[in-house]
Structure formats: structure tokens, C-alpha cells
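Architecture at a glance
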Amino acid sequence: MKKEMDEQEIRKNLTPTQIRIMRQKGTEMPFTGALLHNKEKGVYRCAACNAILFDSDAKFDSGTGWPSFEKPANLKNVELVEDDSLFMKRIEVRCKKCKSHLGHVFDDGPTDTGQRYCINSACLNFKKKE
């Protein structure tokens, strides 16, 4: 049986902004994220636990102000949870390994999947392909 990550272990390498977003379900201001305009090839990993979340091939410019992806790189590393906060019905995207809030998924994507995973840059670390 896999041991769940301890909260202190998760928080130890996160900035105050990352803690606010990832552990307290916050968000970053639109058009401010460091990875919004990143067009390099590589993999996006969870900033808290390093799980592989998204591949650069799935990233697209949605014009919403947050990095957007048509699908996760590995469905085993992402979980979707109903979110009724802010008087809206949404689907929250979390890292399955550490339960960190990443963003939300919407059914308005322009790609074949029809989905737009709207993810906070602060939740991601980018590893460029060699």
C-alpha cells in the first residue's frame, strides 16, 4: 500500500504563492504565470511532488490567461473532483499523488478532446526535452 505524502513534506519546497494555490485552492492572476507562453518541448510536472502531469504537445493557447492543455500526460497522476465553490459547478484538477490543487478542466477546448485543462503555472515545473 502506497503511503500518502505528509503535508509538511509537501509544503517544504513550495513558495508561499504555491502553498496558497496548491494547498488552499487559490489561483494566480490571469496572464501572470511564468509558463503561460512557454513553447519549448518537454514535460510539466507537479511543483509539489514531481509527478508527470502534462506534455508540451498537449499545450495550446486558449487566450484565457492560464496554461491550457487538451489532456494529461498520464491519467494515473491526475484526479478530477466536483467543485461547487464560488457559486459555480466546475471540475477541479488535482495531482493524484499529493492531492495538490492544479486548476480546473472545462469542456470548451478547441482540440479533438474538447477539453481545456486550465492549470496555474505556479503548480508546475517544466522539464525541457534533451
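A brief structural summary. (Residues numbered from 1 in each chain as written. Predicted model: local features only at pLDDT ≥ 70, side-chain atom pairs only at ≥ 80, totals over all residues. Heavy atoms only, no water.)

**Let's talk about the packing of aromatic side chains**
Each aromatic ring pair is characterised by the separation of its centres together with the angle its planes make. Taken as a whole and judged by the stated rule, the model has four aromatic pairs. Here tyrosine 44 and phenylalanine 69 contribute two aromatic rings whose centre-to-centre distance is 5.1 Å and whose plane-to-plane angle is 70 degrees, an arrangement assigned as edge-to-face. Here tyrosine 44, found in strand E1 (residues 42-46), pairs with phenylalanine 69, found in strand E4 (residues 68-69); they are 25 residues apart in sequence, far enough to count as distant. Ring centres of tyrosine 44 and phenylalanine 126 lie 4.8 Å apart, and the angle between their planes is 50 degrees; on these two criteria the pair is classed as tilted. Pair noted here: tyrosine 44 is in strand E1 and phenylalanine 126 is in strand E9 (residues 124-128), with a separation of 82 residues, a long-range link. By relative accessible area, which is 0% here, tyrosine 44 ends up buried. When its relative accessible area of 23% is taken as the criterion, phenylalanine 126 is described as partly exposed. Aromatic ring contacts, followed pair by pair, group Tyr44, Phe54, Phe69, Tyr117 and Phe126 into a single cluster. (Phe/Tyr/Trp six-rings, centres within 6.5 Å; stacked < 30°, edge-to-face > 60°. Helix = DSSP H or I, 4+ residues; strand = E, 2+ residues; numbered from the N terminus. Buried < 20%, exposed > 50% of the residue type's maximum accessible area, 1.4 Å probe, protein only.)

**Thoughts on the sheet that holds E4**
An order of E3-E4-E8-E7-E6-E5 is seen for the six strands of this open sheet, with the pairing classed as antiparallel. On the outer flanks of this sheet lie strand E3 (59-60) and strand E5 (78-83), each paired with one strand and no other. As defined by bridge partners, E3 adjoins E4 across two bridges and the pair is classed as antiparallel. When the sheet's bridge partners are listed, lysine 59 is paired in E4 with phenylalanine 69. (Pairing = 2+ DSSP bridges.)

**Quick look at the pattern of salt bridges**
Taken as a whole, this structure holds 13 salt bridges when the rule is applied. We note a salt bridge from glutamate 7 to arginine 11, for which the minimum N-O separation is 2.8 Å. In this pair, glutamate 7 and arginine 11 are both assigned in helix H1 (residues 7-11), four residues apart and thus about one turn of the helix distant. The exposure class assigned to glutamate 7 is partly exposed, which follows from its relative accessible area of 34%. Accessibility expressed as a relative area gives 31% for arginine 11, which makes it partly exposed. Residue arginine 23 is joined to glutamate 7 by a salt bridge in which the shortest nitrogen-to-oxygen separation is 2.5 Å. Residue arginine 23 is located in helix H2 (residues 16-23), and its partner glutamate 7 is located in helix H1; the two are separated by 16 residues in the primary sequence. Look at the salt bridges and you will find they share partners, linking Lys25, Glu79, Glu92, Arg94 and Lys99 into a network. (Salt bridge = Lys/Arg side-chain N within 4 Å of Asp/Glu carboxyl O.)

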